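# Reading the structure
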Amino acid sequence: MRHPVIIMADAREITIASLRQLKQSGEKIACVTSYDASFTTLLEQAGVEIVLVGDSLGMVVQGHESTLPVTMDDMVYHASCVARAGKTALRVVDMPFMSYSSVDQALGNAARLMSEAGMHMVKLEGGRELCDTVKALTSHGIPVCAHLGLLPQSVNQLGGYRVQARDPESAQRLLEDAQLLEQAGASLLVLECIPAPLAGRVSEKLQIPTIGIGAGPHCDGQVLVLYDLLGITPGKRPKFTHNFLEDAQDIPGALRAFVEAVKQARFPDAEHSYS
Ligand code: KIV
């Protein structure tokens, strides 16, 4: 009888399981957005564990005022560029605005991002209302990263880019949303622009890793938009970002400095956090 050949994953490849191990061991996870092949290679060489093809590309690459105009074709294009270069990091991609407004639509679009664009996980913005979608995606073998707090795709509903969940009721609701999304099958959770103590509570309660942006130092990992990290985003610098190129010799040095600052829990500090 012939035995099936078991192909072991490359030891350097980051998986959902290895991210969970990092959380359990207390080692912080470094994540940066990427929209092309060259930066993906540099980010992996710097030791980033997750590359996120964020729909922030609508603003930093395409010049829109929000992420709303970004299309599925845009995401497939940029995700494919990232996937061609990607070797070690887990590749997560944003599902764009209104591409997951029903379970069937989410399944079809996520399948494209996984099979056509070579992604490992899709990211959705929203709380408990997405639990059925998360269950459907994960039951079809599509891992999900949830996203709570400031939801850029809902900027018109929120009335601007502001810190979220500051009052006790909305903080409690966010904590419950996080738990419901984990129970529904989410493997990762991005927390954007919420008070640091709340992000700490959420991170403590969940088994899955939390990745913060403007959510303080107690998350299991940190993400920055690549262009913010390099200080090339025009306009006012958001409080939670830092220009790592300022004190580095070159771009690879800036990316390494970000990874080191995250791993050594030096970034973010109180100056980059909300209380
Ligand atoms: O689109 C993006 O870049 C994101 C990060 C800010 C988390 O969602």
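These remarks concern the structure in this document. Per chain, residues are indexed from 1 in the order of the written sequence. For this predicted model, a pLDDT threshold of at least 70 governs which residues receive local features, and a threshold of 80 or more governs which side-chain atom pairs are given and counted, while totals over whole chains, interfaces and linings are taken from all residues. Derived side-chain values reflect all non-hydrogen atoms in the structure, with water molecules and hydrogen atoms excluded from consideration.

### Some points on the overall build of the chain
Our working definition: The secondary structure listing takes helices from DSSP runs of H or I that are at least 4 residues long and strands from runs of E that are at least 2 residues long, numbered from the N terminus. Buried, partly exposed and exposed residues are distinguished by accessible area as a fraction of the type maximum, computed with a 1.4 Å probe on protein chains only: under 20%, between the cut-offs, and over 50%, respectively. Note on definitions: a residue-residue contact is assigned when non-hydrogen atoms from the two residues lie within 4.5 Å.
Looking only at helices and strands, the chain has eleven helices and eight strands in total. Once the C-alpha set of the chain is aligned to its principal axes, its extents read approximately 65 × 45 × 40 Å. In the chain, which comprises 275 residues, the proportion classed as buried is 56%. Of all intrachain contacts in the chain linking residues separated by at least 6 positions in sequence, the fraction that spans at least 24 positions is 63%.

### A few points about the site of the ligand
Stated formally: Note on terminology: near, applied to a residue and a molecule or strand, indicates that one of the residue's heavy atoms is within 4 Å of it. Nitrogen and oxygen atoms within 3.5 Å of one another constitute a polar contact, given that in protein one can donate a hydrogen and the other can accept it, and given that sequence-neighbouring residues count only through two side-chain atoms. Method for areas: the Shrake-Rupley scheme with a 1.4 Å probe, in which residue coverage is limited to the protein chains shown. The distinction between a cavity and a pocket rests on a 1 Å grid over the protein atoms alone: a 1.4 Å probe fits inside a cavity but cannot get out, while a pocket stays open yet meets protein on both sides within 12 Å along at least five of seven lines, and a residue with an atom within 4 Å of a point counts as lining. If over half the atoms of a molecule are within 2 Å of the grid points of a cavity or pocket, the molecule is regarded as sitting in it.
Taken together, Thr33, Leu52, Gly54, Asp55, Ser56, Asp94, Lys123, His147, Ile213 and Val225 make up all the residues around the ligand. A distance of 3.1 Å separates an oxygen atom of the ligand from a polar side-chain atom of Asp55. At a separation of 2.8 Å, an oxygen atom of the ligand approaches a polar side-chain atom of Lys123. Protein coverage of the free-state accessible area of the ligand, which is 260 Å², stands at 95%. More than half of the atoms belonging to the ligand lie within 2 Å of the grid points that define the largest pocket.

### Structural notes on the packing of aromatic side chains
Short version of the rule: Stacked, edge-to-face and tilted labels apply to pairs of Phe, Tyr and Trp rings (six-membered ring for Trp) whose centres lie within 6.5 Å, assigned for plane angles under 30 degrees, over 60, and everything in between, in that order. The criterion for a charge sitting over a ring is simple: Lys NZ or Arg CZ within 6 Å of the ring centre, and within 35 degrees of the ring normal.
Tallied over the full model, the rule gives four aromatic pairs. When the ring of Phe258 is compared with that of Phe267, the centres are 6.2 Å apart and the planes differ by 65 degrees; the resulting orientation is edge-to-face. Here the aromatic cluster, defined as three or more aromatic residues joined through ring pairs, consists of Phe244, Phe258 and Phe267. Sitting above the plane of the Tyr274 ring, Lys239 keeps its charged end 5.6 Å from the centroid.

### A closer look at empty space enclosed by the protein
The rolling of a water-molecule-sized probe over the atoms marks out the regions of remaining empty space. Which entries qualify depends on this criterion: Grid points are joined across faces, edges and corners, and a volume is the space filled by probe spheres set on the points. Here the term charged refers only to Asp, Glu, Lys and Arg, the term nonpolar to Ala, Val, Leu, Ile, Met, Phe, Trp, Tyr, Cys and Pro, and the term polar to all other amino acids, Gly among them.
Tallying each qualifying case throughout the model produces one cavity of 30 Å³ or more. Each pocket or cavity is described by its volume, and for the largest cavity that value is around 50 Å³. Every residue along the wall of the largest cavity is listed here: Cys31, Ile50, Leu52, Val92, Lys123, Cys145, Leu188, Val190, Ile211 and Val223. Among the secondary structure elements, those contributing two or more residues to the lining of the largest cavity are strand 2 (50–53) and strand 6 (188–192). For the lining of the largest cavity, a count of residues per class yields nine nonpolar, no polar and one charged.

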